[in-house]
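Structural description and commentary
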Amino acid sequence: MREINDCIHSINAIGKEEERNMKLKKILAATLVGAMVLTNVPVGNHGTAVAVAAENQEVTAGYELKEISQDILRANAKSNSENKNPGAGVKGGPAAWAFDDDEHWWHSHFTTGHPAPNNRINIETGFGGETKRIKKLTYTPRTDDKGGIIKDYEIRISTEATPTEEQWTTVQDGTFTNTMNEQAVVLKTAVEAKRIRLVATSNYEKAGSGNFATAKKIRIYEEVPVQVEDVVLDQDRADLTIGGIVTLTATVTPGNASQEVVWESDNKAVATVENGVVTAHKAGTAVITATSAMDPDKKATCEVVVTRDDSALDAAIKEAEAKMNEKDFDLKYTGASIEVFATALDAAYAAKADSTMTPGEVKLVVDSLKASIAGLELKAVITINNNGKEEIKYCEVGEQVTVVAAPAPDGQKFSHWTVDGKAICYKESYTFTVYKDTEVASVYIAEDQSVEKTVNVLCNVSYENGKVKFVSKHSVPADAGYTVLKAGVVATDQRGYTAIENAKQELSLETTATKRLKKYGMNTSY
């Protein structure tokens, strides 16, 4: 066993064990890079196959090996050292003899064709001016056991049809094994070329034979794309919402064909695609196409339907419609807040019907509708109990309501009206201003009873939109001998109220414990 810096693969497929040897060939086609290990492998009773496991011998994905026509190779063959005019019966001849299957071979010149570092012997061929993607070269020397086996070699290529010496490039070098069997040089990477040259810089010397180079058979193999049969996508329709993503997977058949595809969207405003990842941008339809990079006639499509995610909009509309279906909706909410609500709901319906609106625009509509629902302002509920008959009125704050006492039951007479349980008016007709939910009731007494008139004060404090509202009502029956001296509201904050408590006083007009007082209507005299 010895290490060599080349990429050789030699198979002697002979003998009765041909099937076993075919398996051996596959095993020996290992993919390795760098140094090779040379091993002699027995093959039946017919000799020894010299096998070399070489790194990176695999054909490029999506390609397959194809032998270049011998006719083309033979027609373009030449050498810088050859036996151009062999005599009758002579088997060593010109370069073209290395590119056919006849029982002869190329032979370097008998006197000057001695391979050496300073006498580089080459044999080359071309492809009729075409560029080929070269991956492999096989070499078989003369097979009559009289020497001529190339030892150290170089593989050189040119991208020119008629290159000068400066236009050749070495792509690989190595050492052939001293065997008459076919040996393969597999390039680490396929290269494009119009001509290829095998250069011999030394040979294996054979006792009794001259120092020369020969080639009975040279074959060149190119990589050609595996013919694409079909392209298939894992789905032919995808439904997305705006901003959504789906990944499409393209499969090219057969499996050893290039899996590279070119992705394209016919409506980039609706959806774009990059390496199979589809992103939805706006409502609409886009057709995504995956086209084989090797065969533009082989392609597959997927229809992408993009819709807007209206779940939030739908939920807001549903909530608004449920609100509208509440009992007495039109009566119990203020007209102004219903108007705002109705406008927002109409805008939501319009947004639902308009697929061109962006998610951001729809969000504004949703936010507006939700705000209008939250902003529905209940009217004050006025409950009127008039001689046992209850009536409900929905009134806006500031609205005036007049109630008239119903006829008294037999044996009774009207006494007064109460507001939230306090006597407030002793007249049968009572007009008041609405400021909150209020219960108003007519009170009747026996005909022989006297009406007892009292003084009552109603005070309500509320907080709304950052403001504190004070509402005061009082009942002072003038015909009962009462006179209003002052009426209004006195208020303080927490600091003032704490000072009043500490001084053991009450919050009144005469409070002296704090100056943090606000007085409203205190100078009104009656």
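Our subject in this report is the structure included herewith. (Residues numbered from 1 in each chain as written. Predicted model: local features only at pLDDT ≥ 70, side-chain atom pairs only at ≥ 80, totals over all residues. Heavy atoms only, no water.)

**Re the side chain of Asn 203**
Residue position: Asn 203 is located in the loop between β14 (195–200) and β15 (214–215). Of the polar contacts made by the side chain of Asn 203, one reaches the backbone oxygen of Phe 212; its length is 3.2 Å. Those residues in contact with Asn 203 that sit more than four places away from it in its chain are Pro 115, Ile 149, Ile 150, Lys 151, Asn 211 and Phe 212. (Helix = DSSP H or I, 4+ residues; strand = E, 2+ residues; numbered from the N terminus. Polar contact = N/O pair within 3.5 Å; in protein donor to acceptor, adjacent residues only side chain to side chain. Contact = heavy atoms within 4.5 Å.)

**Considerations on the side chain of Lys 135**
Assignment of secondary structure puts Lys 135 in strand β10 (residues 132–140). Of the side chains bearing the opposite charge, Glu 223 lies closest to the buried Lys 135, which forms no salt bridge; the N-O distance is 4.5 Å. Within the structure, Lys 135 has its side chain in polar contact with the backbone oxygen of Leu 187 (distance 2.8 Å). Engagement of the side chain of Lys 135 in a polar contact is seen with the backbone oxygen of Lys 188, the distance being 3.4 Å. (Buried < 20%, exposed > 50% of the residue type's maximum accessible area, 1.4 Å probe, protein only. Lys, Arg positive; Asp, Glu negative; His and termini not counted. Salt bridge = Lys/Arg side-chain N within 4 Å of Asp/Glu carboxyl O.)

**Focus: the packing of aromatic side chains**
In total, this model carries seven aromatic pairs according to the counting rule given. Arranged with centres 5.6 Å apart and planes meeting at 55°, the rings of Phe 329 and Phe 341 form a pair that is tilted. One end of the pair, Phe 329, is in helix α4 (residues 329–332); the other, Phe 341, is in helix α5 (residues 335–353), with twelve residues separating them in the sequence. Chaining the aromatic ring pairs together yields one cluster made of Tyr 139, Tyr 153 and Phe 176. Looking at Lys 136, its charged tip hangs above the ring of Tyr 221, at a distance of 4.9 Å from the centre. The lysine or arginine in question, Arg 197, covers the ring of Trp 168, its NZ or CZ lying 4.0 Å from the ring centre. (Phe/Tyr/Trp six-rings, centres within 6.5 Å; stacked < 30°, edge-to-face > 60°. Lys NZ or Arg CZ within 6 Å of the ring centre and 35° of its normal.)

**Let's talk about the sheet that holds strand β11 (residues 152–158)**
Within a sheet, each strand pairs with its neighbour through backbone hydrogen bonds, oriented either parallel or antiparallel. As summarised here, the arrangement of the five strands in space is β6-β9-β14-β11-β12, forming an open sheet in which the pairing is antiparallel. Lying at the two open borders of the sheet, with one neighbouring strand each, are β6 (78–79) and β12 (169–175). By the bridge criterion, two bridges tie β6 to strand β9 (residues 121–126) in an arrangement that is antiparallel. What sits directly across from Ser 79, in β9, is Ile 123. (Pairing = 2+ DSSP bridges.)

**What about the nonpolar core?**
Within the largest apolar cluster, 29 residues are counted, with the highest numbers of intra-cluster contacts made by Trp 106, Ile 134, Ile 150, Leu 198, Ile 218 and Ile 220. Elements with a contribution of two residues or more to this core: β9, β10, β11, β13 (183–193), β14 and β16 (217–225). No other element matches β13, which puts four residues into this core. Excluding residues that lie within four positions of it along the chain, Ile 218 makes contacts with Leu 73, Ala 98, Phe 99, Ile 123, Leu 137, Thr 138, Tyr 139 and Leu 198. (Core = buried A, V, L, I, M, F, W, Y, C linked by side-chain atoms within 4.5 Å.)

**Thoughts on the packing of α5 against helix α6 (residues 359–374)**
At a minimum axis separation of 9 Å, α5 and α6 run at an interaxial angle of 150°. Relative to α6, the element α5 is oriented roughly antiparallel. Seen from above, α5 lies across α6 with left-handed handedness. Every residue of α6 that contacts α5 at Val 340, Phe 341, Ala 344, Leu 345, Ala 347, Ala 348 and Ala 351 is listed here: Val 365, Ser 368, Leu 369, Ser 372 and Ile 373. Its residues assigned to classes, the contact of α5 with α6 comprises ten nonpolar, two polar and no charged. (Axes fitted to C-alpha atoms, helices over the stretch in contact; angles between N-to-C directions. Parallel < 35°, antiparallel > 145°, perpendicular 65-115°, else oblique. Left-handed = near helix turned anticlockwise from the far one by under 90°. Nonpolar A, V, L, I, M, F, W, Y, C, P; charged D, E, K, R; others polar.)

**Details of a nonpolar patch on the surface**
A cluster of nonpolar residues, Val 455, Val 457 and Tyr 482, forms a patch on the protein surface that exposes about 250 Å² of accessible area. Within the secondary structure layout, Tyr 482 lies in the loop between β34 (467–475) and β35 (489–492). What makes Tyr 482 partly exposed here is its relative accessible area of 38%. (Patch = residues over 30% accessible without salt bridge, like charges linked within 9 Å, V, L, I, M, F, W, Y side chains within 5 Å. Areas by Shrake-Rupley, 256 points an atom, 1.4 Å probe, with all protein chains shown as cover.)

**Some words on α5**
For α5, with 19 residues, the first-to-last C-alpha span of 27 Å sits near the 27 Å given by 1.5 Å per residue. Taken residue by residue, α5 has Ser 337, Ile 338, Phe 341, Ala 344, Leu 345, Ala 348 and Ala 351 as its buried positions. Across the axial projection of α5, the buried residues extend over an arc of 145°, all falling on one side. Across α5 from its buried face, at more than 90 degrees, point the exposed residues Ala 336, Glu 339, Thr 343, Asp 346 and Ala 353. Buried residues belonging to α5 abut α3 (311–324), α4 and α6. (Expected span 1.5 Å × (residues − 1). Arc of directions from axis to C-beta.)

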